[in-house]
Amino acid sequence: MKTVLPRQEFQDALTAMATLTSGRTTKPILSCVKLVASKKRVELSATDGEAALHLGVACISTPKEGQAVIPADGLLSIVRELTDAEVSIETDGRHCTIRGEGSEFRIFVMDAADFPPVPEFDGEADLVVDGIELRRMISMTLYAAARETSRYAINGVLWEKQGKRLYLVATDGRRLARAGGEIRATGSNDFEAIVPARALGVFEKVFTPVRGEDDWHVDVKILPNQVLLRSGDRVLSTVLVEGHFPKYQDVIPKNNDKRASMRRDELLAAVRRAATVTTEESRAIKLAFSTKELVITSQSAEQGDARVQLPIQYEGTTVEIGFNPHFIADCLRAVPFDTVFVELQESFRPGIICGEDKNDFLYVVMPVSLSN
Amino acid sequence: MGVIRVLPPNLVNRIAAGECVERPSSVVKELVENALDSGAAQIDISILDGGRELIAVRDDGQGMNPDDLLLAVHPHATSKIAADDDLFNIHTMGFRGEALASIGSVSRLAITSRSAEADVAHIIRVEGGVQDDPRPCAAPVGTLVEVRDLFYAVPARRKFLKTPATEVGHITEQLARIALAHPGIGFTLRNQNRLVHDLRSTDARLERIADFFGSEVAEVLLPISRESGGVRVEGLVAPPKDSRGSSKWEYVFVNGRYVRDRFVSHAVKEAYRSLIDPSRYPMVFLYITVDPSHVDVNVHPTKIEVRWRDSNFVHGQVLAALRDKFLKTNLDHRFRAPAENEEYRERVRGAMVDFFTRHADAERPVAVQQSVHSGTRPQPFAGSRASESAVREITPVDEPAAVTCPAPAPAAEVERAPNAAANLAGAVPVRAIQVHNTYLVVEQPDGVLIIDQHALHERILYETLKRRIADRKLESQRLLLPEVIRVPSDRHEVIESHADTLARLGVEIVVSGPSSVALHAFPSFLERLDRTAFLRDLIDRLAEPGARPAADTLLHEILDMMACKAAVKAGDPLTPEEIAALLAQRELADRSSHCPHGRPTTLHLSLRDLEKQFHRR
């Protein structure tokens, strides 16, 4: 195989691949990227065994078609160090030779036959979603997903299609975030699928709006144990998380009648200020809602105490509730609203943070209580 | 003819002998206790062939006349109690009147005794339970009991005797148990006609311990004392760093009698818990004095067990006495320089002095010793042993620190508070570095501290948690989705019965199905932990077979688990701010010298040690 590529585009593609290849693995082939060179294009793929990414780069010329499996880290660091506009990649069975102007590198390659098959996006999409909308929904939920807990089902984000709407739901057992959006086109029945959090992290990094394209959309294909996401010539596929996502509808409170509204940026700043005196061992802040005013306090034996107040819209009875400030800040950072609503019932019942429309975004968070 | 018959008295005695005469050391115990009860000031023991050939005990007590001698070897004949009520008001060591008869039934026994008012001594012999009449002979006032050919009449029992060395070991231990309780009485032990122990009468228990076990043991001991509600607990206890590999070093005496008592043992264990490694044992010498009517010693033929009228009170007193001491004492481990040090030189010097005085008969002690002795007390022997001199130096000192630190460098006592305040205020900047991402090396006015970061942090968290629980300020994160864990139904009861303890820790578990439980709340503090795994460990701990731990013990064990899992680990790099924070907290935390598992957190390398290593002095 021999091909000549525009260096910058190639580097960008390899950087995207590195989101999957840089993880620790016991199988050396999983830290490699596969190149398939044809006359006009070079196709790159990488997989971590669970998720796989496929990209295409238009090439300048391909004197010799073929394929090669090359360690991704080594290739990327070489390509990154070159300053030329073009880079040439040539492989025989054992080596890959990378040439820029005045420099030449040789690195070992692996047998292309050993590279695991990467799923392809075949046929029609099951749904088409606005790309910006999907990115928004992912960023408003992903942070709430559990990491590496023994309850595998919540280590992913639930995708739930209901008619013309798609909901993404994530929880770590203490808080839950749900975002909803319109589907542009759909040919499939309603479904539920749990997509691993890690793959969605890759999506956030790699699937950015295509330059010069107003109408950016993402095709989604759901298979029994896989989901594929396609945008242009980028395809991200991942196995789905097996198991049952908890029946989250049951934990969304229906009777939170104490409703306050406030500016999102002010609440976020106040929470962060109050959280400065919390410590690893003592991390609760107390929110006291009264007419027109919210007072946030915190104290820790080691650090001291803090008291922050801000104006709010609130007419109900006084209520006090403790929260982990990180849970509140995570949510406030992720949502784009100017005004947020906090809905409470009692100090030991879950609270809600949402925007104007709970169908677009809803956050449920459990309080912290003092043992007695 | 019937098959059941009444046994002849001699056989009855042999059977009874099985209870109180188990091996040569039990004979020694019985005879020495008799000697004590006779009011002796000096008791001499001789052993041949591990006690098989001869056990002889001579005392200078009140002695017996011929009529007493005859009765002494009869079962249930005793001078020690007379009426029912006496049994519950026992001031003597023995009272059952069994020992001599039992011994006489299984050996060749000879008792020579002369009372103070008698002109002549008498001897009585008993062989295999058959006794002679007493015959006059010549002997000093007091009693000599000689037991020859032990168990010759019971060959089966004789076969079970171990090697002479083992039996001598048991006898020595028996002597320790008696002699430590009675420092005012002189003891000698001769084995194969060689003097093994020569314990001179003293009024200090520490001195007796030093005499018996050596000055290395005695010099680490801290005195404790407490009296309340008619129970006096005194003792000499080793700091946690001087723990031992065997439980033998727990010497408990109740009214001068060595006992093994689970309440006292538990209190000791409790006091040392989290200060020593669980596989190690503390070294303690505890002397408990109570009104005889508050304790029943007639539980076991060898009287090694007692029953308390109020065992919880005794438990509490022992625990309090020890805890008070540990809280007031700086328990940091001292770095031991491996090469020649002051202590070693002192020992060599001591040994040499010892050698010369022994071989110089009654010569005056050398000048060196004079200067060491305080000279406040008359010396029983002219040539006092160096080990004693070392002990005497520290006996009158109440400062525990001086005891923990035999080197002349004065160890810093525990005035932590001002120090801590200074550190927090930044008046004294702490100079510290982290090495190998595991240890902190801290400059101190008198040397260097080496701190195990995990062990210290664990202790600090443990104490913080304890305080929070006491203040009821442990935060608990409620769960939106209760975590359901499969737990067999036989464990449900144990979970429910500990619900209160768990709630204090911020853990809320509810039985949710025939073989599952649901977790509804979990301490915020442990946010980073895998809740399910933690819970499984916790339930396993709760369901551990054996005695149900008290709520308090359990609470501490769980705190322990929490602290360990939440603390920084060895290998975690720390920023200078984190190091400073950890050290500042060290000053504030109780018992920061040891992690909750009892491993030391801190080694102290004194300036003096350093100077010595570099030959600067």
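Residues numbered from 1 in each chain as written. Chains lettered and ligands numbered in written order. Predicted model: local features only at pLDDT ≥ 70, side-chain atom pairs only at ≥ 80, totals over all residues. Heavy atoms only, no water.

Engineer: What am I meant to see in the interface of chain A and chain B here?
Structural biologist: Interface size, as often reported, equals the accessible area lost upon joining of the parts. Opposite the 29 residues of chain A that make contact, chain B presents 25 residues. Counting across the chain A and chain B interface gives zero salt bridges. One can count six residue pairs in polar contact (both at pLDDT 80 or more) joining chain A with chain B. Elements represented by at least two residues in the side of chain A that touches chain B include exactly strand E13 (175-182) and strand E27 (368-370) of chain A. The leading source of residues in the side of chain A that touches chain B is E27(A), at three residues. Here the side of chain A that touches chain B is built from residues that sort into twelve nonpolar, nine polar and eight charged. (Contact = heavy atoms within 4.5 Å. Salt bridge = Lys/Arg side-chain N within 4 Å of Asp/Glu carboxyl O. Polar contact = N/O pair within 3.5 Å; in protein donor to acceptor, adjacent residues only side chain to side chain. Helix = DSSP H or I, 4+ residues; strand = E, 2+ residues; numbered from the N terminus. Nonpolar A, V, L, I, M, F, W, Y, C, P; charged D, E, K, R; others polar.)

Engineer: I tried to follow a nonpolar patch on the surface on my own but got confused; where do I start?
Structural biologist: Residues Leu7(B), Leu11(B) and Val12(B) make up a contiguous nonpolar surface patch of about 220 Å² in total accessible area. In this fold, Leu7(B) is placed in the segment before helix H1 (9-20). (Patch = residues over 30% accessible without salt bridge, like charges linked within 9 Å, V, L, I, M, F, W, Y side chains within 5 Å. Areas by Shrake-Rupley, 256 points an atom, 1.4 Å probe, with all protein chains shown as cover.)

Engineer: Any chance you could explain the sheet that holds strand E8 (residues 95-100) of chain A here in plain terms?
Structural biologist: Adjacent strands of a sheet form backbone hydrogen bonds with each other and so pair up, either parallel or antiparallel. All names here are of chain A. If you walk across this open sheet you meet the five strands as E5-E1-E7-E8-E9, and the pairing is antiparallel. Each edge of the open sheet is held by one strand with a lone partner, namely strand E5 (61-64) and strand E9 (103-108). Taken pair by pair, the neighbouring strands of this sheet meet at an average axis angle of 20°, ignoring direction. Relative to E5, strand E1 (residues 2-6) is paired through two bridges, and the arrangement is antiparallel. Considered in E5, the bridge of Val4 is made with Ser61. Against the sheet, helix H1 (residues 7-21) contacts E1 and strand E7 (86-91), and its axis sits at roughly 95° relative to E1. Together, E7, E8 and E9 form the strand contacts of helix H2 (residues 72-81), whose direction differs from that of E9 by roughly 175°. (Pairing = 2+ DSSP bridges. Axes fitted to C-alpha atoms, helices over the stretch in contact; angles between N-to-C directions.)

Engineer: Hey, could you run me through helix H3 (residues 131-141) of chain A in this one?
Structural biologist: Residues that lie three or four places apart on an α-helix share one face, since the helix turns once every 3.6 residues. Within H3(A) the residues assigned to the buried category are Gly131(A), Leu134(A), Met137(A), Ile138(A), Met140(A) and Thr141(A). Capping the start of H3(A), Asp130(A) holds a side-chain oxygen 3.1 Å from the backbone nitrogen of Ile132(A), two or three residues further along. (Buried < 20%, exposed > 50% of the residue type's maximum accessible area, 1.4 Å probe, protein only.)

Engineer: I'm lost on the state of the cysteines in this one. Help?
Structural biologist: In protein chemistry, a disulfide is the covalent bond that joins the sulfur atoms of two cysteines. For the coordinates displayed, the defined rule picks out zero disulfides over all chains. Not engaged in a disulfide, the cysteine Cys354(A) finds its nearest cysteine sulfur in Cys331(A); these two sulfurs lie 9.2 Å apart. (Disulfide = S-S within 2.5 Å.)

Engineer: What's the story with the packing of helix H16 (residues 453-471) of chain B against helix H21 (residues 576-588) of chain B in this structure? I'm lost.
Structural biologist: A packed helix pair is summarised by two numbers, namely the angle formed by the two axes and the spacing between the axes. Residue and element names in this part refer to chain B. Running from N to C, H16 and H21 cross one another at 55°; their axes reach a closest spacing of 10 Å. When the axes of H16 and H21 are compared, the pair comes out oblique. Regarding H16 and H21, the two cross each other, and that crossing is left-handed. Across the interface between the two elements, Gln453, Leu456, His457 and Ile460 of H16 pack against Leu582, Gln585 and Arg586 of H21. Residue classes in the contact of H16 with H21 are distributed as three nonpolar, three polar and one charged. (Parallel < 35°, antiparallel > 145°, perpendicular 65-115°, else oblique. Left-handed = near helix turned anticlockwise from the far one by under 90°.)

Engineer: Can you help me understand the sheet that holds strand E17 (residues 226-231) of chain A in this one?
Structural biologist: All names here are of chain A. Spatially, E6-E2-E3-E4-E18-E17-E16-E10-E14 is the arrangement adopted by the nine strands of the open sheet, whose pairing is antiparallel. Where the open sheet ends on each side, the last strands, each with one partner, are strand E6 (66-71) and strand E14 (185-186). By the bridge criterion, five bridges tie strand E16 (residues 217-223) to E17 in an arrangement that is antiparallel. Each bridged residue has a counterpart across the sheet, and for Leu223 the counterpart in E17 is Gln226. H3 contacts strand E10 (127-130) and E16 of the sheet and is inclined by roughly 80° relative to E10. The sheet strands contacting helix H4 (residues 197-206) are strand E4 (51-58), E16, E17 and strand E18 (234-239), and the helix crosses E18 at an angle near 170°.

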